[in-house]
Amino acid sequence: MTLIHKPIETARLILRPETPADGEAIHRMNTDPEVMRHIGDGIPWTSPVEEFLPQHRQALARAAAERYGNVSVVLRESGEYIGWCGLTPEKRIGGMQLGYRFFRHAWNRGYATEAAGAVLAVGFESLGLDRICAAVFPDNLASVRVLEKVGMKPAGQGFHEKAQRHFHIYAIECPAPTGRGRPSSMPESEDRVLTGGRPEGDTTGNAG
Ligand SMILES: CC(C)(COP(=O)(O)OP(=O)(O)OC[C@H]1O[C@@H](n2cnc3c(N)ncnc32)[C@H](O)[C@@H]1OP(=O)(O)O)[C@@H](O)C(=O)NCCC(=O)NCCS
């Protein structure tokens, strides 16, 4: 099933189910020290891609039976893969967690905000979630800003054992739920085009 079973379009992006073919790009992104600076212990990947690809395939197979996971984010104009965004269950912060990661060359163009807004809409509209959380290290200012821009609010903090430091929790409640958690302002179909991708309210990211 995965988080989405067909692509979703926003103003500038297409969010589509992640596939084994994305594995190489994901691995390459995770070898960038700047990308990994605020993820877990902050250490970039050094293991060879050949080791990761089978693990990635297995993770996708497991997620296929579930209604969560990451979606691949590609540019509408060129089809270029720029990163991922997703929802995963996270015991530490109690609920479904929003996360995202993008190649460095794609930063500061509003793409994370646009993708996160679309994924939150999937979470509330299609999955019927009441609340979505995110975890972020406080010095990850870009991610904090993304969370604020999508309407998430500070909701506590936790301690990351591996990183040995505190992270901040952000959360957003389903706005004005009608029926299965669908915000009244949202159309019923997952096929809709999310033209703005930047909800007006305020929500968070993931510290990995
Ligand atoms: C965090 C991340 C996803 C943001 O992606 P992005 O596409 O650049 O995000 P957006 O362009 O939508 O928004 C970034 C915002 O942060 C702001 N920002 C960026 N760097 C900043 C900094 N050092 N200090 C303060 N604000 C900063 C931008 O100005 C922008 O805000 P604005 O629209 O008000 O100007 C991206 O930096 C990334 O992939 N980082 C590595 C992985 C990661 O940290 N993931 C999140 C883990 S919690």
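The rules we used
- Residues numbered from 1 in each chain as written.
- Predicted model: local features only at pLDDT ≥ 70, side-chain atom pairs only at ≥ 80, totals over all residues.
- Helix = DSSP H or I, 4+ residues; strand = E, 2+ residues; numbered from the N terminus.
- Buried ≥ 20, exposed ≤ 12 C-beta atoms within 10 Å, placed from the backbone.
- Contact = placed C-beta atoms within 7 Å.
- Core = buried A, V, L, I, M, F, W, Y, C linked by C-beta atoms within 7 Å.
- Pairing = 2+ DSSP bridges.
- Axes fitted to C-alpha atoms, helices over the stretch in contact; angles between N-to-C directions.
- Parallel < 35°, antiparallel > 145°, perpendicular 65-115°, else oblique.
- Left-handed = near helix turned anticlockwise from the far one by under 90°.

What the protein chain contains, in helices and strands, is five helices and 11 strands. The buried share of the protein chain, reckoned over its 208 residues, is 37%. When contacts within the protein chain are restricted to residue pairs at least 6 apart in sequence, long-range pairs at least 24 apart make up 67% of them.

Before going further, it helps to examine the environment of Ala112. For Ala112, the location among the structural elements is in helix α4 (residues 111-126). According to the C-beta neighbour criterion, Ala112 is buried, with 26 such atoms within 10 Å. Discounting residues that sit within four places of it in the chain, Ala112 has contacts with Tyr100, Phe102 and Val146.

The subject of this paragraph is unusual backbone geometry. A positive phi angle is found at Asn108, which is not glycine, with a value near 60°. Here Asn108 lies in the loop between β5 (95-102) and α4. Phi is positive for Gln164, close to 55°, though the residue is something other than glycine.

This next bit is on the environment of Leu75. In this fold, Leu75 is placed in strand β3 (residues 69-75). Judged by the 15 C-beta atoms lying within 10 Å of it, Leu75 falls in the partly exposed class. For the pair Leu75 and Leu15, spaced 60 residues apart in the sequence, the C-alpha separation amounts to 8.9 Å. In this structure Leu75 touches Arg12, Leu13, Glu80 and Ile82, once residues within four positions along its chain are discounted.

This brings us to the nonpolar core. Of all hydrophobic cores here, the largest spans 46 residues; its most connected members are Ala115, Ala116 and Val119. Sorting elements by how many residues they give to this core places α4 first, with 10 residues. Beyond its immediate sequence surroundings of up to four residues, Ala115 is in contact with Leu13, Leu15, Val73, Cys85 and Tyr100.

Moving on, we come to the pairing of strand β7 (residues 153-160). Note: β7 against strand β8 (residues 165-173), six bridges, orientation antiparallel. By the bridge assignment, Lys153 is partnered in β8 with Ala171. Hairpin connection, β7 to β8: the antiparallel pair is bridged by four residues, and Gln164 has positive phi, about 55°.

Once that is clear, we can look at the packing of helix α1 (residues 23-30) against helix α3 (residues 49-64). Packed helix pairs are characterised by how far apart their axes lie and by the angle those axes make with each other. Taken N-terminus to C-terminus, the directions of α1 and α3 make an angle of 125°; their axes are 9 Å apart at the nearest point. Judged by the angle between their axes, α1 and α3 are oblique. Helix-helix and strand crossings are classified by hand; for α1 and α3 the assignment is right-handed. Listed contacts from α3 to Gly23, Glu24, Ile26 and His27 of α1 are Val49, Phe52, Leu53 and His56.

To continue, consider the environment of Ser126. The topology assignment puts Ser126 in helix α4. Exposure remark for Ser126: the 20 C-beta atoms within 10 Å place this residue in the buried category. Taking the C-alpha atoms as reference points, Ser126 and Leu3, separated by 123 residues in sequence, lie 9.0 Å from one another.

Shape is all these values report; function is a separate question.
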